[in-house]
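Structure assessment
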Amino acid sequence: MSPFDCNMAIDSGYKVVLPYDGVAVGDVGALVQDAIFSRPPKACTGVFIGGKDITLALDMMAAARAAMVPPFQVSVFADPGGSFTTAAAMVTLVERALERNFGRALKGLRISVFGAMGVVGFASAVIAALEGAKVRVVAHDTIEPLMALAAFAKTRFGATLEPVAGQAEALKARILDVSDVAVTAGPAGVNILPRRLIARAPGLLVAADVNAVAPYGIEGMELFMDGAPLPGCSTLGVGALAIGDVKYKTQAGLFRRMLTAAQPLDLDFRDAFTLAREIVSEGQRRSVKGKARAAA
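Below is a summary of the structure that appears in this document. Because the structure is predicted, anything quoted here is derived from the model rather than measured.

A few words now on the pattern of salt bridges. Applying the stated criterion across every chain, the model contains 12 salt bridges. The salt bridge involving arginine 136 is made with glutamate 162; its shortest N-O contact spans 3.8 Å. Of this pair, arginine 136 sits in strand β4 (residues 134-139) while glutamate 162 sits in strand β5 (residues 161-165); the two residues are 26 residues apart in sequence, bridging distant segments of the chain. Taking the relative accessible area as the measure of exposure, arginine 136 reaches 19% and is therefore buried. Close ionic contact of lysine 249 with aspartate 245 constitutes a salt bridge, the shortest N to O distance being 3.2 Å. Of this pair, lysine 249 and aspartate 245 both sit in helix α9 (residues 240-260), 4 residues apart, which is roughly one turn of the helix. Taking relative accessible area as the criterion, lysine 249 reaches 39% and is therefore assigned partly exposed. Take aspartate 245: its relative accessible area is 38%, and that puts it in the partly exposed class. A network of salt bridges, in which partner residues are shared, links Glu95, Glu131 and Arg277.

Spatially, β5-β4-β3-β6-β7-β9-β8 is the arrangement adopted by the 7 strands of the open sheet, whose pairing is mixed. In this open sheet, the two strands that pair with only one neighbour each are β5 and β8 (226-229). Recorded for the sheet is a direction-independent mean angle of 25° between the axes of neighbouring strands. Pairing of β8 with strand β9 (residues 236-238) involves 3 bridges; the strand directions are antiparallel. Bridged to proline 229 within β9 is leucine 236. Helix α4 (residues 83-102) rests against β6 (181-184), β7 (206-209), β8 and β9 of the sheet, and its axis sits at about 160° to β7.

This brings us to the sheet that holds strand β10 (residues 266-267). Spatially, the 3 strands line up as an open sheet ordered β1-β2-β10, and their pairing is parallel. In the strand order of this sheet, the two ends are held by β1 (46-49) and β10, each with one partner. In terms of strand pairing, strand β2 (residues 75-78) meets β10 through 2 bridges, oriented parallel. Of the residues in β10, the one forming a bridge with phenylalanine 77 is leucine 267.

Counting residues in each nonpolar core, the largest one holds 79 residues, and the members touching the most others are Ile111, Phe122, Val135, Leu161 and Val206. Here this core takes 10 residues from α4, the largest share from any one element. Non-local contacts of leucine 161, meaning those with residues more than four positions away in its chain, are made with Phe122, Ala125, Val126, Ala129, Val135, Val137, Ala150 and Ala153. With 19 residues, the next largest nonpolar core counts Val138, Ile198, Ala201 and Ala207 among its residues.

On the surface, Val16, Leu18, Tyr20 and Leu31 cluster together into a nonpolar patch covering about 430 Å² of accessible area. You can see tyrosine 20 is positioned in the loop between α1 (3-11) and α2 (25-37). The exposed category is assigned to tyrosine 20, whose relative accessible area is 51%.

This next bit is on the packing of helix α5 (residues 119-130) against helix α6 (residues 144-157). When two helices pack together, their arrangement is given by the angle between the helix axes and by the axis-to-axis distance. Where α5 contacts α6, the two axes come as close as 11 Å, and the packing angle between them is 50°. One element, α5, and the other, α6, form an angle in the oblique class. The handedness of the crossing between α5 and α6 is right-handed. In this structure, α5 contributes Phe122, Val126 and Leu130 to the contact, and α6 contributes Leu149, Phe152, Ala153 and Phe157. In terms of residue class, the contact of α5 with α6 is made up of 7 nonpolar, no polar and no charged.

Let us now look at α2. Residues Val28, Val32 and Ile36 constitute the buried set of α2. When α2 is viewed along its axis, its buried side chains cluster within an angular range of 40° and face the same direction. Looking at α2, the residues exposed on the side facing more than 90 degrees away from the buried face are Gly26 and Asp34. Residues of α2 that are buried in the fold lie against β1 and α3 (54-66).

Analysis parameters
- Residues numbered from 1 in each chain as written.
- Predicted model: local features only at pLDDT ≥ 70, side-chain atom pairs only at ≥ 80, totals over all residues.
- Heavy atoms only, no water.
- Salt bridge = Lys/Arg side-chain N within 4 Å of Asp/Glu carboxyl O.
- Helix = DSSP H or I, 4+ residues; strand = E, 2+ residues; numbered from the N terminus.
- Buried < 20%, exposed > 50% of the residue type's maximum accessible area, 1.4 Å probe, protein only.
- Pairing = 2+ DSSP bridges.
- Axes fitted to C-alpha atoms, helices over the stretch in contact; angles between N-to-C directions.
- Contact = heavy atoms within 4.5 Å.
- Core = buried A, V, L, I, M, F, W, Y, C linked by side-chain atoms within 4.5 Å.
- Patch = residues over 30% accessible without salt bridge, like charges linked within 9 Å, V, L, I, M, F, W, Y side chains within 5 Å.
- Areas by Shrake-Rupley, 256 points an atom, 1.4 Å probe, with all protein chains shown as cover.
- Parallel < 35°, antiparallel > 145°, perpendicular 65-115°, else oblique.
- Left-handed = near helix turned anticlockwise from the far one by under 90°.
- Nonpolar A, V, L, I, M, F, W, Y, C, P; charged D, E, K, R; others polar.
- Arc of directions from axis to C-beta.

Right, dumping it as structure tokens:
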């Protein structure tokens, strides 16, 4: 359980946050029932599932819901490693950059995800695939683990991901040549796409990176980039802190929905993506109204 998530819950309105570490799926039922039976029905109790494993988090989410005994039912929110809300924010900002500048949507676009073995990269790939994008997940080592991940995405979510080899710079260059969008979600402080590769891929419309620790995943990226061109090319950049702003608002918004919902909710990456889109759309509307008032 991350201090980040605890702080987010407190700042979103929860008065008490009780973190539990080292929890297995078999422990979930007893923890949930202790929480729900100690309060009257419709109490503002919520269950948040963190960790670093998407499969485990979703299994825990199902176990938590199975442990509910009507009318003792509460909301459950999974965001392992912040992956669901971060991925939702990144895909939403990529989508906005495409719509604003190229009149394109995600459907039919060729998106390559570098760092897809990580929780954020995998969640981003699944979200984009479910929106109709043609998604490649790029291997930085052996391809077999990504093949297993792609099989899981297909079985669990109905999302089609294509694993491709990207261990060498020449392979990355070939991938970028047939990509409309590139997403990097690798470890902090690791450069994945050098500037020279981006510059040699004129068909690349947008590149996004969640790494906020220099060197960034995409060379030349600035943290607050939100659709500005990367240095020396026409590719538009989406940086980690622009993504982080929407991620923060999305996670806080989902926590608040748990507090105010009339019925218990089950919140995962799909809900995060829906809310991130709403947040970005509302920001655009406010910006247009502000410009209109200034012009008047």
